[in-house]
Amino acid sequence: QLQLVESGGGLVQPGGSLRLSCEASDITLDRYAIGWFRQAPGKEREGVSCISRDGNRIHGESVKGRFTISRDNAKNTVYLQMNSLKPEDTAVYYCAGLATYGSGCSLNSVLFGSWGQGTQVTVSS
């Protein structure tokens, strides 16, 4: 079963950058599309970005032009580069796997299994 571990969160000032990592253990990540999701206190979980097995990318409207998802299958890792961070980006960020084929990807969290434990991102001055 796919097991994922997120890292790279922290405290950053508005306008700053962070890179989150999602690393898989035991099973090769290239069998899955990987999504990043976030949840702020009192809010519903939101789909941020997804990358398919063949590299197709989807980004949510609130992060388009600021966040970039990428994958390095040799390192069994998916990254989320976050630039121009805003206070409203503050949340716990999770990665999750979707067993699919080719270009399949989604920002719908109910389709995903194998969730990581999350990493906190706080954007504040």
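Each value, and the rule that gives it
- Every chain is numbered independently, its residues counted from 1 as its sequence is written.
- Given that the model is predicted, a residue must reach a pLDDT of at least 70 before its local features are reported, and side-chain atom pairs must reach 80 or more before they are shown or counted; all residues, however, enter totals for whole chains, interfaces and linings.
- Just so you know, side-chain values use all the structure's heavy atoms and leave hydrogens and water out.
- Only Phe, Tyr and Trp rings take part, Trp by its six-membered ring, and two of them pair if their centres are within 6.5 Å. Stacked means planes under 30 degrees apart, edge-to-face means over 60, and tilted covers everything else.
- The helix count covers DSSP runs of H or I at least four residues long, the strand count covers runs of E at least two residues long, and both are numbered beginning at the N terminus.
- The classification of residues rests on relative accessible area computed with a 1.4 Å probe and restricted to protein chains. Under 20% of the type maximum is buried, over 50% is exposed, and intermediate values are partly exposed.
- In this analysis the charged atom, NZ for Lys or CZ for Arg, is taken to sit over a ring once it is within 6 Å of the ring centre and within 35 degrees of the ring normal.
- Any two strands with at least two DSSP-identified bridges between them are counted as paired.
- For helices, the fitted line uses only the C-alpha atoms of the stretch in contact; every axis is such a line through C-alpha atoms, and the angle between N-to-C directions lies from 0 to 180 degrees.
- When two cysteine sulfur atoms are found within 2.5 Å, that pair is recorded as a disulfide.
- Any carboxyl oxygen of Asp or Glu that lies within 4 Å of a side-chain nitrogen of Lys or Arg is treated as forming a salt bridge with it.
- For this analysis, residues touch if any pair of their heavy atoms sits within 4.5 Å.
- Take the buried Ala, Val, Leu, Ile, Met, Phe, Trp, Tyr and Cys residues and link them wherever side-chain atoms come within 4.5 Å; each set so joined is a nonpolar core.

S.K.: Outline the packing of aromatic side chains, listing residues and values.
M.R.: Tallied over the full model, the rule gives three aromatic pairs. Between Phe37 and Phe112, the ring centres sit 5.0 Å apart and the planes meet at 75°, which makes this aromatic pair edge-to-face. Residue Phe37 is found in strand β4 (residues 32-39), and its partner Phe112 is found in the loop between β9 (91-99) and β10 (119-123); the two are separated by 75 residues along the sequence. Residues Phe37 and Phe112 agree in their burial class; the two are buried. These aromatic residues form a ring-pair network of at least three members: Phe37, Tyr94, Phe112 and Trp115. When the ring centre of Tyr79 is taken as reference, the NZ or CZ atom of Arg19 above it lies at 4.1 Å.

S.K.: So what's going on with the sheet that holds strand β7 (residues 67-72)? Which residues, and what values?
M.R.: A sheet is described by the order of its strands in space; here four strands give the open sequence β1-β3-β8-β7, paired in antiparallel fashion. Here the strands that pair on one side only, and so sit at the sheet edges, are β1 (3-7) and β7. Geometrically, the sheet is characterised by an average inter-axis angle of 20° between neighbouring strands, direction not taken into account. Relative to strand β8 (residues 77-82), β7 is paired through six bridges, and the arrangement is antiparallel. In the sheet register, Asp72 faces β8, and the bridge partner there is Thr77.

S.K.: Could you give an account of the state of the cysteines, with specific residues and numbers?
M.R.: Enumeration over the complete set of coordinates arrives at two disulfides. At a sulfur-sulfur separation of 1.8 Å, the disulfide partner of Cys50 is Cys105. Across the S-S bond of Cys50 and Cys105 the torsion is about -100°, and the bridge reads as left-handed. In this pair, Cys50 is assigned in strand β5 (residues 46-51) and Cys105 in the loop between β9 and β10, connecting sequence segments 55 residues apart.

S.K.: Describe in detail the pattern of salt bridges, supporting the description with residues and values.
M.R.: Scanning the model with the defined rule gives four salt bridges in all. With a closest N to O distance of 2.8 Å, Glu61 and Lys64 form a salt bridge. Accessibility expressed as a relative area gives 64% for Glu61, which makes it exposed. Among the charged side chains, a salt-bridge network with shared partners connects Arg38, Glu46, Arg66 and Asp89.

S.K.: Can you lay out the side chain of Thr100 for me, pointing to particular residues and giving the numbers?
M.R.: Along the chain, Thr100 turns up in the loop between β9 and β10. Setting aside residues no more than four positions away along its own chain, Thr100 makes contact with Arg31, Ala33 and Arg53.

S.K.: With reference to specific residues and values, describe the nonpolar core.
M.R.: The biggest cluster of nonpolar side chains holds 27 residues, and the ones touching the most others in it are Ile34, Trp36, Phe67, Val78, Leu80, Met82 and Tyr93. Counting only elements with at least two residues in this core, the list comes to β3 (18-25), β4, β5, β7, β8, β9 and β10. Counting residues per element, this core draws most heavily on β3, at four residues. In this structure, Cys50, Ala96, Leu98 and Cys105 belong to the second largest nonpolar core, which totals seven residues.

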